[in-house]
Amino acid sequence: MPTTRPCETHPDLVRFGHKLPHFADALRHQRKVKLVALGSSSTAGADNILPFPPRLEMLLRQRFFGRMIDVINRGIGGQEAPEEYSRIESDVTAEAPVLVIWQVGTNAVYKSYNPAEVRAALEAGLDVLAALPLDVVVMDSQYTQAIVGTEAALNLANVIMPMIAEVTASKKVNLFSRFALMKRWTDDGIPLGELDDGGQLHTSEWATNCVTQSLFGAIDDALKPEAIT
C-alpha cells in the first residue's frame, strides 16, 4: 500500500467513553509506567510487520518524555478470548500494569468460535481485571478480507463485534473499535485489499501504523486533563 497515503485516525469514531485514571495517576507520580497488550497475532505481530504494542510504546514515550513507559507484548498467535483469559494471572497480573489493552474478536471470526463462549470468557476476564488497580481498553477485530470477505465471515463478524461492544459497555470499560475504524476507511474509498499484508488476515504496514496512531490519540484524549503535559 502506498506509504504516502494520509492517515485519517477518525478521533470522533474511536473516542473512549471513560477516562484512564490509573494510567493518569501513574504519569503524575511514577517515572516507570507499564502497560500490557494481551491478544493474538494482531498483538504479537505477523509477516515482519511491526505490531501495534512497540509502535504505541514509542508514541507514548515521545508524548510523555522523561517517563520510562513500557508496553509489554503478551500476544500469542491463534488465540481468542477463552485462551487469553487463562493467561490473565501470568501475563497481566504478574506484570502489575496500569493499563491493559485486550485484543479480542479476530480469531472468533477467523476460526468460527461460538459467540457465547467468547462472550463468557470476555465477561469473566473483565471481571478479573476490574478487581485490579488498572485501566482496561478492549480492542476488537481488524477489518480485512479474511474477516469480512465472505458472507459467512461477515455474518459472524456482525455478531461478534456488537457483542464485544455490548460487553464492554455493560462492564464500563473502554472499547477501541478497530473494526469500525477500518470499515470507515473502506467506506471512504480505500480498497479493502490495501488494508491487509497480502495474506488477507493481518493488517498492512500502513493500516497497522494508522491503527496505532488512532489508538494513541484515543488514549491521549482519555488522559486529559489528568495527565501531565
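What counts as what
- Residues numbered from 1 in each chain as written.
- Predicted model: local features only at pLDDT ≥ 70, side-chain atom pairs only at ≥ 80, totals over all residues.
- Heavy atoms only, no water.
- Salt bridge = Lys/Arg side-chain N within 4 Å of Asp/Glu carboxyl O.
- Helix = DSSP H or I, 4+ residues; strand = E, 2+ residues; numbered from the N terminus.
- Buried < 20%, exposed > 50% of the residue type's maximum accessible area, 1.4 Å probe, protein only.
- Disulfide = S-S within 2.5 Å.

Undergrad: Requested: an account of the pattern of salt bridges, with residues and values cited.
TA: Counting across every chain of the model gives 16 salt bridges. In this structure, Arg5 and Glu194 form a salt bridge, with 2.7 Å as the shortest nitrogen-oxygen distance. Of this pair, Arg5 sits in the segment before α1 (11–14) while Glu194 sits in the loop between α11 (178–187) and α12 (205–223), placing them 189 residues apart in sequence. The class of Glu194 is partly exposed, set by a relative accessible area of 24%. Here Arg15 ties to Asp12 by a salt bridge, and the two come within 3.1 Å at their closest N and O atoms. Among the ionic contacts, a cluster of salt bridges with common partners joins Asp12, Arg15 and Asp221.

Undergrad: Please set out the state of the cysteines residue by residue, giving values where relevant.
TA: Structurally, a disulfide amounts to a covalent bond that connects the sulfur atoms of two cysteines. This structure, assessed with the given rule, holds 1 disulfide. Sulfur-sulfur distance for the disulfide between Cys7 and Cys210 comes to 1.9 Å. The S-S bond linking Cys7 to Cys210 shows a torsion near 95°; that makes this disulfide right-handed. Here the residue Cys7 occupies a position in the segment before α1, and Cys210 occupies one in helix α12, the gap between them amounting to 203 residues.

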